[in-house]
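If you want the building blocks of each chain, they are given just below.
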Amino acid sequence: MELIPVDSTNISNLKLLNSAILPIRYSDKFYKGVVRDPKFSRLARIQGKYVGMVCCRKTEYGGKKGKEDQGSNDQKRREDQGSSNQKMSNDQGSSHQKMSNGQGITGSSGEEKNADESRSEQGRMSNGEGISQKGEDSLYIMTLGCTVLNRRRGIGSALLRFALNLAAEEECSVVWLHVHSSNSDAVDFYKNFGFRVVEQIEGYYRYLKPSSALLLEKCVGEEDGSVT
């Protein structure tokens with residue numbers, strides 16, 4: 001298996017994978033950002049076929065600012081970006097089928113209300129329970145997954161190890177992501193790598209039922225049984 005940087009020559013493959021695996025439609029702005037900084041994304045390729053992907057971004061984890069202070073800002077963002085919100089199929093069964101992939105590696109899907117600008121800057125955490133602090137550099141996993149026919153082949157593990165190693169190279173303090181609250185397979189997958197759930201965010205997904213997301217985090221360099 002090869003992990004290939006994403007660029008203008010293969011960005012169409014990333015679009016196809018995202019469409020096939022995740023129940024979120026990502027905007028052109030999202031893909032332009034991926035191409036602009038290819039260090040933070042990879043495509044998994046086996047025998048010439050693209051079978052998985054991971055897209056990350058380096059950001060400052062904003063810490064717990066208080067939901068009361070952020071409520072008006074969140075509402076304004078939703079209103080301002082209403083015309084560009086990513087559309088989903090009304091078939092919820094199809095959406096949930098995409099969210100779960102047996103091995104749980106289709107767990108990170110960015111922010112469904114605004115997929116190209118995830119809640120990286122907002123830094124949602126539970127009161128006093130988060131492991132990162134305000135202002136620390138962190139790596140946010142926007143998307144990670146593999147195709148249905150290539151589950152349980154170590155693809156998701158390889159993609160996640162890429163992200164964890166990248167976080168260490170970038171001297172990040174924490175890696176974090178959002179997972180749909182019903183995707184227990186994904187939660188178990190990330191827990192095997194030392195991630196922990198620090199908060200459940202209600203109303204995170206606009207077009208999914210349930211609409212809640214789980215915020216997962218892992219300290220960079222923290223030992224676990226899966227990462228070598």
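Shown above is the structure to which this text applies.
Residues numbered from 1 in each chain as written. Predicted model: local features only at pLDDT ≥ 70, side-chain atom pairs only at ≥ 80, totals over all residues. Heavy atoms only, no water.

Draft legend 1. View of the packing of aromatic side chains. Inspection of the entire model under this criterion finds 7 aromatic pairs. Taken together, a centroid distance of 4.5 Å and an interplanar angle of 40° make the contact between tyrosine 26 and phenylalanine 30 tilted. Of the two residues examined, tyrosine 26 and phenylalanine 30, each falls in the buried class. An aromatic cluster is defined as three or more aromatic residues linked by ring pairs; in this entry it consists of Phe189, Tyr190, Phe193 and Phe195. A cation over a ring is seen here: lysine 15 above tyrosine 31, with NZ or CZ 5.3 Å from the ring centre. (Phe/Tyr/Trp six-rings, centres within 6.5 Å; stacked < 30°, edge-to-face > 60°. Buried < 20%, exposed > 50% of the residue type's maximum accessible area, 1.4 Å probe, protein only. Lys NZ or Arg CZ within 6 Å of the ring centre and 35° of its normal.)

Draft legend 2. Quick peek at the pairing of strand E2 (residues 41-46). In terms of burial, E2 is largely enclosed, as 5 of its 6 residues are buried. Strand direction decides the pairing type here: strand E1 (residues 2-5) and E2, joined by 4 bridges, are antiparallel. Counted as the bridge partner of isoleucine 4 is leucine 43 from E2. Note: E2 against strand E3 (residues 49-60), 6 bridges, orientation antiparallel. Bridging from a neighbouring strand, leucine 43 pairs with methionine 53 of E3. The hairpin turn running from E2 into E3, its antiparallel successor, is 2 residues long, and glutamine 47 in that turn takes a positive phi close to 50°. (Helix = DSSP H or I, 4+ residues; strand = E, 2+ residues; numbered from the N terminus. Pairing = 2+ DSSP bridges.)

Draft legend 3. Highlighting helix H5 (residues 155-169). The first and last C-alpha atoms of H5 sit 21 Å apart over 15 residues, in line with the 21 Å expected at 1.5 Å per residue. In terms of burial, H5 is a largely internal element, 11 of the 15 residues being buried. Turning to H5, its buried residues number three or more, namely Ile155, Gly156, Ser157, Ala158, Leu159, Leu160, Phe162, Ala163, Leu164, Leu166 and Ala167. Just downstream of H5, glutamate 171 is the residue with a positive phi angle, here 60°. (Expected span 1.5 Å × (residues − 1).)

Any link to function would need more than the numbers given here.
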